[in-house]
Amino acid sequence: MASDADFLIHRLLMIDDNPRIHEDYRKILAGRDHGKVSSAEAALFGEQPAHAGPTFDVDSAMQGRDGVERARRARDEGRPYSVAFVDMRMPPGWDGLETIEQLWKIDPEVQVVVCSAYTDYDWLELLERLGHSDKLIVIKKPFEPIEILQSASALSRKWQNARALKHHIESLERAVTDRTRGLEAANRQLRHLASHDALTGLPNRLLLDDRVAQAIAQANRQGHEFGLLVVDLDRFKLINDSLGHRAGDDLLREVAQRLKSAVRAVDTTARLGGDEFVILVDGPVTRAEAIGIGKRAIDVMRPAMRLLGIDVHVSPSIGIAFYPRDGATVDALLARADAAMYSAKERGRNNVRCYAEGMTTATQDRVRLESELHDALRAGQFELHYQPKVDTSSGRINSAEALIRWRHPQRGLISPKDFIAVAEECGLLDAIGEWVLCEACRQAKAWQQQGLRPMRVAVNLAPSQFRLTNLVDQIRHALEAAQLDPQYLEVELTESAVMSDAEESIVILESISRMGVLVSVDDFGTGYSSMSYLRRFPIDKLKIDRCFVEEMTRRAEDASIVRAIISLAHSLHLKVIAEGVETPEQLALLTELGCDQYQGFYFSPALVAAQFVELVRKSAFPGANLTEEEAAQTHSKLAGL
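All values reported here derive from a predicted model rather than from experimental measurement. (Residues numbered from 1 in each chain as written. Predicted model: local features only at pLDDT ≥ 70, side-chain atom pairs only at ≥ 80, totals over all residues. Heavy atoms only, no water.)

Undergrad: Help me understand the sheet that holds strand S11 (residues 316-323), please; the structure alone is not making it clear to me.
TA: Across a sheet, strands are paired by hydrogen bonds formed along the backbone, either parallel or antiparallel in direction. As summarised here, the arrangement of the five strands in space is S7-S8-S6-S11-S12, forming an open sheet in which the pairing is mixed. Each edge of the sheet is formed by a strand with only one pairing partner; in this case those strands are strand S7 (268-273) and strand S12 (352-354). Sheet twist, expressed as the average angle between the axes of neighbouring strands with direction ignored, equals 20 degrees. Alignment of strand S6 (residues 226-233) against strand S8 (residues 276-281), held across six bridges, turns out to be antiparallel. In the sheet register, Val230 faces S8, and the bridge partner there is Val278. (Pairing = 2+ DSSP bridges. Helix = DSSP H or I, 4+ residues; strand = E, 2+ residues; numbered from the N terminus. Axes fitted to C-alpha atoms, helices over the stretch in contact; angles between N-to-C directions.)

Shown next as structure tokens:
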């Protein structure tokens, strides 16, 4: 099978000062394309059928200089000569040797056939001087036509193959270069990803450790201090829970840019993960300068950030540790700065604190408490205590509020004020709230099975739990698991939780009320209720906050507030309960003002289940069961829909 080279038109250049030689070249190389074969040619070549073979385009030059110029133009046009036939003697111009040398300067790839009868050089000397023996053939005149034809054919194919091989190598080199560039770019990207946070583009813990190590080495050489700031966003979880993680990511990116703008060019701002950032303040730096950078970080956070069409304000709590006074290693400095940051949170958030002795212990206790909280939920260390809710006029125990306690194996009984905030921050509050709901329903049903008169149990719902998409299903599951009639369950919600999204709250509360579960608004009077929404909420009770009850016998203003709340509730056909009643004077005033129920230490603190049963039985009234008529009076208007 013929190769592609067989069908190419090869350009040949004949350089000779004899015009007749040019005619001979043309007859030999291009004769088959220019008319019939002559008798002499037929005798030389024989009569052969036409066949596919290399085709030659022949150009002529009478002098070497002219031939070299033709070769230059052919190269510039992109159609170079494959073979040049050169005579050695071409007076009065260049001889063959100089012509070939100049020709190879113009086009080093052209194949050369020296075709001459005489030369002023020894042939071996000629080859040595030209130095390209692999591109040079010598044919002495007079030549045989077959010598010319075979030389032209073989050298043209050799030239073509050499060019193809060169192009292929160049193509491979380009591919290797491109692939190398791609691999280098990929390696740069991998190195960047390995040392930078994917979300914010800031240095990550790996790169931060390296830069802190460099700062330590430099501080040791020069004898100066540097600072490490841990920056934690206050209540970031609330933004994630309410607006979603995509909005949370947008906020983190904006925070990263603002923090970078608050520091010097020589400082490093890194993200460790979540909402925790670290600023390495390169030394030498004074305590005042480091605190100043921390305050600038707080200042750049003050402007609102627009997320999902909402202006969101975020504040940081910042802790600072200094090398070498607060720690000699990366981990020690981070631990001390972290301890100072938690101290800043405990002092009201949105402030800067430098590390001081004793802070680490508090931080370690907090971390230990978080760990133990996870274990407590799995190990069943939580328990409910029940505080009676008492009818003001009759003194009868009407219902009970379930209050969680933590029975720690080493620390003993822990009050919720000591662990609820930690549970919320580490994401356990909703799970704990679900357990409280199920346990309260179970206990209410167990009391009934023990022969105690049916009694409502109230459960507090945390704001985050109230916004859970499966809250109604949680309540239904708890009731069904305990086989408890819904009228014996009451849920208490803070005023601020209900009002955070009033329209959504109405939908949730209506779903709860339709089940027959009572709804109370806790801590009423301390939030920002709108009277129009309060009228629309399907609620059953308002609970007066203890802060008003505590001072109402000594402050006329507080008594007026309590009177107004009771009047408002009754005008809306709602029951009113006061919490935190501790004296007979408080109870007497509440009775006078018409408050329906109360709870507090004056009657009883929260009791374990067995003690609560004993108290109920001791204070039992004849026929004191909750009647259907009374139950209906305390249900919301939507309960029966």
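Structure shown, so let's carry the discussion forward.
Undergrad: Help me understand the packing of aromatic side chains in this model?
TA: Where two aromatic rings form a pair, the distance of their centres and the angle of their planes describe that pair. If you walk through the whole model with that rule in mind, you get 10 aromatic pairs. When the centroid spacing of 5.7 Å and the interplanar angle of 35 degrees are considered together, the rings of Phe382 and Phe419 count as tilted. With a gap of 37 residues between them, Phe382 in strand S13 (residues 382-391) and Phe419 in the loop between strand S15 (412-414) and helix H13 (420-425) connect regions that are remote in the sequence. When its relative accessible area of 0% is taken as the criterion, Phe419 is described as buried. Considering the side-chain rings of Trp406 and Phe419, the 5.6 Å spacing of their centres and the 80 degrees angle between planes classify their relative orientation as edge-to-face. (Phe/Tyr/Trp six-rings, centres within 6.5 Å; stacked < 30°, edge-to-face > 60°. Buried < 20%, exposed > 50% of the residue type's maximum accessible area, 1.4 Å probe, protein only.)

Undergrad: Honestly, the pattern of salt bridges in this entry has me stumped. Any pointers?
TA: A pair can form between side chains of opposite charge whenever their charged atoms are brought close. Taken as a whole and assessed by the stated rule, the structure comprises 39 salt bridges. Here Arg306 makes a salt bridge to Asp311, at a shortest N to O gap of 2.9 Å. Judged by relative accessible area, Arg306 falls into the exposed class, the value being 55%. Salt bridges linked by common partners bring Lys389, Glu401, Glu490, Glu492, Lys541 and Lys543 together as one network. (Salt bridge = Lys/Arg side-chain N within 4 Å of Asp/Glu carboxyl O.)

Undergrad: Explain the confidence of the model for the protein chain here, please?
TA: When pLDDT drops low, the exact placement of atoms in the prediction is not to be read closely. Taken over all residues, the pLDDT of the protein chain has a mean of 85, while the share at 70 or more is 89%. Scored below 50 in pLDDT, residues 32-38 shows five contacts in the model against residues more than four places distant or in partner chains. Counting interchain partners and residues more than four positions distant, the pLDDT-below-50 stretch residues 626-641 has 31 contacts. (pLDDT = per-residue confidence, 0-100. Contact = heavy atoms within 4.5 Å.)

Undergrad: I tried to follow the side chain of Arg258 on my own but got confused; where do I start?
TA: Secondary-structure assignment places Arg258 in helix H9 (residues 245-262). A polar contact of 3.4 Å, which involves the side chain of Arg258, links it to the backbone oxygen of Ala304. Discounting residues that sit within four places of it in the chain, Arg258 has contacts with Val300, Met301, Pro303, Ala304 and Met305. (Polar contact = N/O pair within 3.5 Å; in protein donor to acceptor, adjacent residues only side chain to side chain.)

Undergrad: Honestly, the pairing of strand S17 (residues 489-494) in this entry has me stumped. Any pointers?
TA: Each regular strand carries side chains that alternate between the two faces of the sheet. Taking burial as the measure, the six residues of S17 include five buried ones, the bulk of the element. Inspection of the sheet shows strand S16 (residues 456-460) paired to S17 by four bridges, in the parallel sense. Of the residues in S17, the one forming a bridge with Val457 is Leu489. Where S17 and strand S18 (residues 518-524) come together, five bridges link them in parallel fashion. Among the inter-strand pairings, Glu492 is bridged to a residue of S18, identified as Ser520.

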